[in-house]
Structures are given as structure tokens and as C-alpha cells.
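Examination of the molecular architecture
So the chains spell out like this:
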Amino acid sequence: MSGRIIGIAGPTVTVDLKGLRLYEIVLVGEARLTGEVVRLERDRAVVQVYEDTRGLSLGEPARGTSTPLMAQLGPGLLSGIFDGLQRPLDRLLERDGHFMAGGSAAAPLADRREWRFVPEKLAGEQVAAGEVIGQVEEGNFRHLVSASRAGEIAELAAGTFTLCGQVGSYSDGGEISACQVWPVRRPRPFRRKLAPGEPLVTGQRVVDFLYPLARGGTAIIPGGFGTGKTILEQSVAKYADVDLVVYVGCGERGNEMAELLEEFSDLADPWTGRRLMERTIVVANTSNMPVAAREASIYTAVTMAEYYRDMGYHVLLLADSISRWAEALREISSSLEEMPGEEGYPTYLASRMAGFMERAGVVETANGTIGSLSMILSVSPPGGDFTEPVTQACLRGAGAFLMLDASLAHRRHYPAVNWFHSYSLYGQAILQHFTHQISPEWPAAQQRCRLLLQREEALREVAEIVGVEGMQESDRLILHSAERIRLEFLRQNAYSEDDAFTPPERSLQLITAILAEHQRIERRLAEKVTLKEALEEGEVDHAAL
Amino acid sequence: MRLSEHTYRTISSIRGPLLFLDRVLQVSFGEVVRVVGPAGEELEGEVIKIDRDTVLIQVFGDTRGLDTGSAVSFFDAIKRAPLSPAVIGRVFNGSFSPVDGLPSYVPDRWGPISGAPINPVARARPRDFIETGCTAIDALNTLVRGQKLPIFSSAGLPAKEMAADILRNSRLAGGGEFVVVFVALGLTHHEYSFYMDVLDEMQGGFAAFVNRADEPVIERLLAPRFGLAVAEYLAFERGMDVLVLITDMTNYCDALREVSTAREELPGRRGYPGYLYSDLASLYERAGRIQGLSGSVTMLPVLTMPEEDITHPIPDLTGYITEGQIVLSRQLHQRGVFPPVDVLPSLSRLMQQGIGEGRTREDHRRISNLLYRHYANGRDLRQLETIVGKDGMNEQDRTMLDFADSFEQELIHQGDQRRTVAESLDLGLALLKRFGLDS
Ligand SMILES: Nc1ncnc2c1ncn2[C@@H]1O[C@H](COP(=O)(O)OP(=O)(O)O)[C@@H](O)[C@H]1O
Ligand SMILES: [Mg+2]
């Protein structure tokens, strides 16, 4: 099927092709730029083009491909760095140079790399779609190969093969390969969804202790610029207790991607000691790269994440920032002259967002193992105003809300997670887990920590009226202890090697020490010792240690 | 591919800088056209929309005097800049025509002005300290080579004096000189001559693209792209360290809004188009370094916050893209502090890599953290002071108030004095010691 370009407006191109389907990939122009059908009319189609459309001419050819946007899935994705369309950025660098070139196609996976395949099924066996038929060693990961469809196996050979080479065949003659493609906008199937219940340990004290996340859960991190969204996302990407991380730089800074790539190549995963990059897939579609590819980037990423989830892994997807995705949606919608909703966003913003976030979860996979896909999404509200549509749309699907506070950030209290407005719906379930796995002290310590922070807030108002001098000693003690909690516990320096990551056991120790000292002084005050003296006793004890 | 140029006289309407042209047979998106008016005046324009044989053209320059009989010629070329080291020492208008009375030069090559995004894996992480001579930056919000760090100013604040000092005083770690690319957008004559005097003193040379307040609005959108195309060329093909000063980005954004309104696009917040973020990113993201290449593009945009509101879309979206911001404060200015930098909302995101042992000094991080913490406390206490009065406060709190005052008057304030980073840090340390806050 081929036709011609009859209109161009920014990233959207109108073609006179007939018989296309919605979301089908169309190659437009002599340069064969990739685009996706976003609107169909009887004798024309509107295509959202993933690349810069400058230079495209009226009358240039356009051709349908009969397939929607696909991700290539197979061994070799790990450590990969892709753009929003899953093009491998290092190969584009080798071929096109330092700057991105338009119309450059490149397969996501290196097709000449060799893999060792070990079959787990014999000739003559019947397999269902999604059933495991063998495995490949991908770095330190057991990469399960599953049947792309049901059938009887005719042949399955152990040995080395190149990526898309055949590892066997079905009785009806069909090929079996360890590599497959999947339409990125369609969630991959699983048997059933389970409720999240296991903790997703982040190594960030304020999160693990006060607002714990769950494997298979979703969390959002909204905050104005400079409040620490990116550093928090990157810290979690480094230290989270998961098997695999997919990190999407969605419409943000190029230098941040350079920073992430450099650090992840040097640093070790604290849980396994291996290089972080070995467990990471990066999707980088920075703010100056094409907007339509930015829109696609989160789908490309989540499809790769689901693929590893289906092997029974715990996968964490981090996106920085989901607001840039929403803005891409808005730019495309407005170039289609759709009726705008709130703040110019299309009216389907909330349902698209919900559809994306629904792809998180703990699942029993098609082959019966348990895997999980967790999401942590940063949100960049204009002017730091959380009533805006994107934050609100995210809130509906999010299980945890880590609100970043500009006033904390300005005084360099990082992570600037506000301890009154944030919440985690996983709190209760995870609390039980920590109580059993770590210490029965956990719930009480958490309770007392919260209480002190709340009392501090109330007392601060009093202090503003009467001054600290005019307050009772017991109240001044509360101010003192709450300050210690803030400075020594909640604050965590991402740039300090010792501080950047704290396992939950250590978090509990730290907070317990502060709370114990608080109690000791409380007792001393009851014995009529002054606060000043009681504090000094503590320092002496400390010095004696 | 067209072999010859095509000329049409089929304009159906003219709206501000926009022309609608009918019955066009061959045209490319983003193509440059030439428009010849009834009096023989020549203007350039760009194709911004194609709908079958109707083409929408945005004209660069003043469209007054054009009529529907004007001729429009197509060449099948996109907007390009003449690239050559000969650009150094020259002054151009927003259309890249020389305004210094000298003839044009023969370019090394022509490059598209919008450039192409740097492949994220090709980027080298910025980490080389730049000494600006300004304590609020060097000690507290350190700038590094390849960073984009804007100055957020407000009407009446001395942003240009501060920018000028940075130009005069900045030194690369290795001692080399910057080449400055100066992009002036909507400047008054007074501001323009102020900057030109400063540029004339630059050792490393400069190239200037100047669009004055009374010159076409549309050239305000072009000038930064010319400037950046030149900057990328000098940096990544000629190995130079380029410092791009763009002022005032607020005028750029207002020009974008004006053009967008004329195109009848859906207005976003405060009337700015919904793509303002992506558009600004297409400029700011051109700063950086590239692995294996020696040059760099460091960017210093200056903007005026309308109504002193940092949540206004211009500073807001800028702050979301740039690697920090230097925020100027009216209170400090009124108290005679120069440069009047409010360090609390200011930030340099790339500071951590640029400081410490072997870069600035091993105690840099500690000093800067302490200064921030205690100054933030002192500032909080000023609110308390307005309620209970200084006499109602305890001694410790009164000390913190005095510390905040001294911090502003002695450390942030430096008048026209250039300080090395060591001097800035020593001064900060001495201040902390004097108040017993150095541990
Ligand atoms: N945990 C942290 N420890 C130390 N500094 C931090 C931390 N989080 C944020 N920062 C500081 O805040 C700056 C902005 O953080 P970033 O994550 O880039 O903000 P955002 O993405 O919200 O704009 C960083 O450059 C760093 O200086
Ligand atoms: Mg960020």
C-alpha cells in the first residue's frame, strides 16, 4: 500500500493512504521517517511522526507497514540504552556521530551477538503460549525463553545461536526463536493479578520508614523544579531491592542521562555487588528529542519491563518525568486540533494515564511464576501547584504519594519529602512485613516518630508567639528531638557514600537511638533536672563511648 | 527534488507575520522562502504548515507594506547559518546580516540553525569548575563547563551588571579564555551599548547577534538559534570553550507567544503556547560537552520574572530545563547588596561534581552546607523577629539573626571586587568561625 503526503503540521503528517488501521506504523517521505496513525478518515490518515519533520515535502511517498509500534524482546536488552522508539543509542552514535540524525533505523538488539540456549522441552511435547521452553544466560540472569504460541514441538536444540536465529521448530513447520516482538501499547498477558504485599526497599530512610513502597505498587513523586525528584528517582534506581530496573528519562535533561550512565557503569548494586548497569535498561528521550517519540517512550519501557516480569523477576520502572509525557500528549492533541480539556490537555489524559499505571502489579505469569512490576513516576507540576491536571490524574492510580516540598528543598533538606501530606496506601501491609522480618519494635518506633513530628509542628506555632524562651522545658525537648529526627534521620545526602543508602535494619537503629535519648531526657526532666543539664549528660555519655 | 526555484503570486491572506499561499505544487515543511513586496522589498519566511496546496508561511522581518500581489519564491532549502571562525569579532542582527559595517565572510560551511539533539550517550558529564569571581556562585552555586545556568532577575534589578561581571571575570580551570557568543533579544539602545562596551574588553573574542527592541519580533526567535549554531560549531568543530549569554529570554518567550497567537494556536498558561517547554528545551539543551571532543558550550541565559513571580511560566519552565538558577532579590538590592543573589531559591545542580579536592578545595562542600543551613535558620528567625521583636528572642537566635545579616553584607555583597574561589571560601569560613558556627 502506498500513497503520498498531502499535509504537514509540526509532528503530524496527513497522507492519502486508504485501508490503514489506527496505531499502524507508517513510513513517510523519502527518508522513511517512522510514524503512527492517530486519526483515520475515509480517504486520508493523520500520522504522528516520531522524528523531526523539517524537510519533508508535499507529495513524497508514504507506506503502511500493517503493524503497530513494536518492541523487540530477547536476550541483550539488559545494560541497553535506547531512545523512545527502542533504537540503541550507542549504535546510533557509532553510525551517525554525536548528533541524532533523522530517519535512522537500527534494530534494538545486536543481531550478531551469540547466546547459549538450553532447552527445557523435548520434541513431541505440546506447549501453550507463554510456556517456558528453555533458557539463555544473560549476564547473571536466567533469561527464560517462552513459546510465542501454542503448538507441538518438533525440534529444540541446545547450543549457540545468534539473536534472531532459530532455536527450533513446531511440528507445523513454524520457527521457534528466542526473540520476539510485542506491540508496546498492549499490556502483556498474565494469569492473574495479586495484591502487592512485599516491601520494595528503597534505601531511602524517609520512604522505607514512613511511607514504604510495595513491589508491584505505584508511587508518584510530585515536586517543583529543584525539589529533588531526579535525585530521588536515581537514588532509588541505584539501591532498590529489585532484580531489574528500567529507567526512562522522559523529556528531561541530557546531562542527567550522562550522569546516570556514568554512575551506573561505575557503581555496584548493594544487594548483589555487581555493576548496576548489568541490571538496568535505560530509555532516554530527552526534552530536545522529538515529542512524539517522548510520548511512545514510556510504552516502550513498560513493555520491556513486563517482558522480564514474565520471567518471574521483580522489575522496577522509574519514569522522570511523567508530566513531560502528558505534555507530549497535549502537543500531539493540539496539532490534531482536538477539543482541549483542562489546561489544554486532551480529555483522555486521565484514562491514558490510568491505563499505563494499570500495567504495574504483582502477577502470576503465563508460566505460573510470580513476578512484579513496580512504578515510581516523578511529576513536574507547573509552578509547583499540585492541583493541576497531571498530578491529579496520577493521584487516582497511585498507591503512594511522596510530595516534595520546595521550602524543605530551599533549606537543603533532601529528600524534601513532606511528612504531613505524603502517604502510602501500602503502609499497613508492609508494616506487618517489617515487624516480622526486621523487628517487632518497628510499628511503635514509627508511631513515636510521627507523633514527635506532629507535636513539633503544633509547638512551632506556639514558639512563634511566645518565643522558645517562654516555653516549657518538655516542649523544648520535643523541638530538640524533632530537629534531630529531621537533620539526622529524614535528611539523607545522596552525594555521601555512607549516607546515600540505608538498609531498613540500620534505619530502625538510627531512629531508635534518637527516640531512646528523647525518652531518657524526658525521665530526667521529670526528676527535675534542667533540659540543658540533661542534654549535656547525653553528650558526656556519647563522648565516653 | 526541484531543480529550479518556483515563484508564486497566489497569496490569499496576510495576518501579521503570516502569509497564506494557495495553489502551491511543490513545497517542503520548514523550507525557507523569499517574499518580494510591491516596493521591491525582500523578506525571508519559513513554511510552517502545509495543507494540500495551501501553505502557511511565517515571515521574518517586518511585513508592513506587503500586499496579496507580493511574490513568494521557494528554493527547497531549510534555514542555515554561515559557519566559520571568521564570525569571531563580528556583530550581526537577528537575521545574521552584519551590522558592524564590515563585509560578510566566506563560510567554512552552512549549518542548519535548529541543529540536532546531542545523542545522550555522546554527552560528557560537565565537571570542570569555572571561576566566575562571584562568591554567591563560586562558593555556593558553582558553575561548571557545559552547564546551563540562568539568572532570574526582576525589573529594575542589576542583572546586566552581574552578567557583565561574570563575562569579565570568568576563568576556566586550565586558565584558558572563553569565546563569548552574545545574543541580545529586544534590548533597548542603552542596554545594548552597555553590553557592547563589556564585550570589547573580552580577551577571547566574541560574536554578537543583536535584536533591538524596535527590530522585528520574529528575529527574536531566530537570533538565539543563529547564536547557538555558531556556538556549537566553534565548540565541537573548532574545540573552543564557548560561553553563550542570552538576554532577555522573557522577550524571547513573549515573541513566541505573539507568533503563536497570530497562528491561532491554542494558548496555554498565561497565553504562552503549550509547546513552550519543548521550544525552550530546543535552545537550552544545546549546552553541553561531548565525549572525546575538547570544546564546550556553557549557557548563561538572563530572564526577567514578570511580577517577580518565580512560578510564572517563563522562569518555571526555564528552571525545569536548566541546571539550576541564580535568583536575584529586590530586598537585597534595596539593602545595597551587589550582586543581590538570594541563595536560598538559587541552585546549581552540577555543583557537586565541580567542587572538592583537586577541583576547588576539599572543605568546599562542608563550608557551603554550613553556610546554607545557618543562613536558612537566620532567615526563618527574621519572621519571628517581626512578631516578638529582637529583645524577645534568646541569645542564640539573636546570634543567628546577626549571622544572616553579615552573610548578606559581607559574603554575598562584593561590589565590583573579583574574588578567587579560595578567597570566597576563606571569607565564608571566617564568617562561620566568628559566629562559632564552624562545626
Ligand atoms: N538526597 C539529596 N542529597 C543531596 N542533595 C540533593 C538530594 N536531592 C536533591 N539534591 C540537590 O537538589 C538539586 C536538585 O535535585 P533534582 O533531583 O535535580 O531536582 P528536580 O528533579 O526535582 O528538579 C540537586 O542538584 C542536588 O543539589
Ligand atoms: Mg529533575
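Note that the coordinates shown come from a computational prediction; the quantities given were computed from them, not determined experimentally.

Calculation criteria
Counting of residues starts from 1 at the beginning of each chain's written sequence and follows it residue by residue. For naming, the first written chain is A and the first written ligand is 1, with later ones following in the order written. Confidence filtering applies because this is a predicted model: local features only for residues at pLDDT of at least 70, side-chain atom pairs given and counted only at 80 or more, and all residues used for totals across whole chains, interfaces and linings. Values shown for side chains rest on all heavy atoms present in the structure; no hydrogens or waters enter the calculation. Numbering goes from the N terminus for both helices and strands, where a helix is a DSSP run of H or I of at least four residues and a strand is a run of E of at least two. Computation of the radius of gyration draws on C-alpha atoms alone. For the globule rule, the value is 2.2 Å times the number of residues to the power 0.38. When accessible area is computed with a 1.4 Å probe and restricted to protein chains, residues below 20% of their type maximum are described as buried, those above 50% as exposed, and intermediate ones as partly exposed. The contact criterion used throughout is that any non-hydrogen atoms of two residues lie within 4.5 Å. Methods summary: accessible areas were calculated by the Shrake-Rupley approach with a probe of 1.4 Å, and residue burial reflects only the protein chains presented. One requirement defines pairing of two strands: DSSP has to find at least two bridges between them. Proximity is defined per residue: if any heavy atom of the residue lies within 4 Å of a molecule or strand, that residue is considered near it. Two N or O atoms count as a polar contact when they lie within 3.5 Å, although within protein this holds only if one can serve as hydrogen donor and the other as acceptor, and sequence-adjacent residues are included solely when both atoms are side-chain atoms. For this classification, the nonpolar set comprises Ala, Val, Leu, Ile, Met, Phe, Trp, Tyr, Cys and Pro, the charged set comprises Asp, Glu, Lys and Arg, and every other residue, Gly included, is treated as polar. An automatic or database domain assignment supplies the start and end points of every domain. The criterion for an aromatic pair is that two Phe, Tyr or Trp rings (for Trp, the six-membered ring) have centres within 6.5 Å, with stacked assigned to planes under 30 degrees apart, edge-to-face to planes over 60 apart and tilted to the rest. A ring is scored as having a charge over it whenever the NZ atom of a lysine or the CZ atom of an arginine sits within 6 Å of its centre and within 35 degrees of its normal. A pocket here means an open set of points on a 1 Å grid, computed over the protein atoms alone, that has protein on both sides within 12 Å along at least five of seven lines. A cavity is instead a set of points where a 1.4 Å probe fits but cannot get out; residues with an atom within 4 Å of a point line either one. Grid points are joined across faces, edges and corners, and a volume is the space filled by probe spheres set on the points. Summed over both partners, the accessible area (1.4 Å probe) lost when two parts come together is defined as the buried area. For this document, the term salt bridge refers to a Lys or Arg side-chain nitrogen within 4 Å of an Asp or Glu carboxyl oxygen.

Side note on the overall build of chain A
Summing up its helical and strand segments, chain A has 14 helices and 28 strands in all. A compact globule built from 545 residues would reach a C-alpha radius of gyration of about 24 Å, and chain A, at 27 Å, matches this within 12%. The buried share of chain A, reckoned over its 545 residues, is 57%. Considering only contacts in chain A between residues 6 or more positions apart, those separated by 24 or more positions represent 67%. Of the roughly 21600 Å² that chain A leaves accessible, carbon and sulfur atoms contribute 50%.

Quick word on the sheet that holds strand 13 (residues 151-156) of chain A
Spatially, 10-13-15-16 (chain A) is the arrangement adopted by the four strands of the open sheet, whose pairing is antiparallel. Where the open sheet ends on each side, the last strands, each with one partner, are strand 10 (126-127) and strand 16 (175-177) of chain A.

What to know about the site of ligand 1
Close to ligand 1 lie 15 residues; Gly226, Lys229, Thr230 and Ile231 of chain A together with Arg349 of chain B are nearest. In this structure, ligand 1 sits where chains A and B come together, each supplying nearby residues. One nitrogen or oxygen atom from the side chain of Lys229 of chain A is found 2.8 Å from an oxygen atom belonging to ligand 1. Residue Ile231 of chain A places a main-chain N or O atom 2.7 Å away from an oxygen atom belonging to ligand 1. Sort the elements by how many residues they give to the shell around ligand 1 and helix 3 (residues 229-239) of chain A lands first, with three residues. Here the shell around ligand 1 is composed, by residue class, of six nonpolar, seven polar and two charged. For the shell around ligand 1, the two domains that each supply at least three residues are domain 3 (192-417) and domain 4 (442-544) of chain A.

Remarks on the packing of aromatic side chains
Within this structure, the stated rule accounts for 26 aromatic pairs over all chains. Taking the centre distance of 5.3 Å and the plane angle of 75 degrees together, the rings of Tyr307 of chain A and Tyr308 of chain A count as edge-to-face. When its relative accessible area of 1% is taken as the criterion, Tyr308 of chain A is described as buried. Every member of this aromatic cluster is reached through a ring pair, and the members are Phe92, Phe96, Tyr105, Phe209 and Phe226 of chain B. When the ring centre of Trp182 of chain A is taken as origin, the NZ or CZ atom of Arg186 of chain A, which lies over that ring, is 5.7 Å away.

Here we look at the environment of Leu66 of chain B
Residues and elements named next belong to chain B. Position of Leu66 among the secondary structure elements: in the loop between strand 6 (54-60) and strand 7 (71-78). Looking at Leu66, the relative accessible area reads 12%, which means it is buried. Placed 23 residues apart in sequence, Leu66 and Leu43 show a C-alpha to C-alpha distance of 9.7 Å. Not counting chain neighbours up to four residues away, the residues in contact with Leu66 comprise Ile14, Leu19, Val35, Gly37, Pro38, Glu41 and Leu43.

With respect to empty space enclosed by the protein
Where empty space is left in the structure can be found by rolling a water-sized probe over the atoms. All names here are of chain B. Summed over all chains, the structure comprises four cavities of 30 Å³ or more. Looking at the largest cavity, its volume works out to about 100 Å³. Lining of the largest cavity is provided by 13 residues; of these, Gly133, Cys134, Asp165, Pro339 and Gln414 occupy positions nearest its centre.

Side note on the pairing of strand 5 (residues 45-49) of chain A
Residues and elements named next belong to chain A. In terms of burial, strand 5 is largely enclosed, as five of its five residues are buried. Residues Ala45, Val47 and Val49 point to one face of strand 5 and Val46 and Gln48 to the other, with burial holding for every one of them. Note: strand 2 (residues 12-15) against strand 5, four bridges, orientation antiparallel. Residue pairing in the sheet places Val15 in a bridge with Ala45 of strand 5. Relative to strand 5, strand 4 (residues 33-40) is paired through five bridges, and the arrangement is antiparallel. What sits directly across from Val37, in strand 5, is Val47. Two successive antiparallel strands, strand 4 and strand 5, enclose a turn made up of four residues.

Notes on the interface of chain A and chain B
Taken together, the 69 residues of chain A in the interface contact 68 residues of chain B. Here chain A and chain B share an interface that buries about 5800 Å² over both sides, 55% of which is from carbon and sulfur atoms. It is Phe225, Arg253 and Asn255 of chain A in chain A that bury the most area against chain B; as a group they hold 14% of the surface buried on that side. Between chain A and chain B we count six salt bridges in total. Here Arg411 of chain A ties to Asp380 of chain B by a salt bridge, and the two come within 2.3 Å at their closest N and O atoms. Our count for the contact surface shared by chain A and chain B stands at 32 residue pairs in polar contact (both at pLDDT 80 or more). Listed by contribution, the elements that provide at least two residues to the side of chain A that touches chain B are strand 1 (2-9), helix 1 (89-96), helix 4 (254-266), helix 5 (291-309), helix 6 (322-335) and helix 11 (442-466) of chain A. Per element, the largest residue contribution to the side of chain A that touches chain B is nine residues, and it comes from helix 4 of chain A. In this structure, strand 1 of chain A lies alongside strand 5 (residues 42-51) of chain B, joined through two bridges in antiparallel fashion. Residue pairing across strands places Ile8 of chain A opposite Ile50 of chain B, the latter belonging to strand 5 of chain B.

Focus on the pattern of salt bridges
If you walk through the whole model with that rule in mind, you get 70 salt bridges over all chains. Linking Arg185 of chain A and Glu295 of chain A is a salt bridge whose minimum nitrogen-to-oxygen distance equals 2.8 Å. Here Arg185 of chain A is found in the loop between strand 17 (180-183) and strand 18 (192-194), whereas its partner Glu295 of chain A is found in helix 5, with 110 residues between them in sequence. Looking at Arg185 of chain A, the relative accessible area reads 25%, which means it is partly exposed. Ionic contacts of the salt-bridge type, sharing partners, join the residues Lys238, Glu259, Glu262 and Glu263 of chain A together with Arg125 and Arg127 of chain B into one network.

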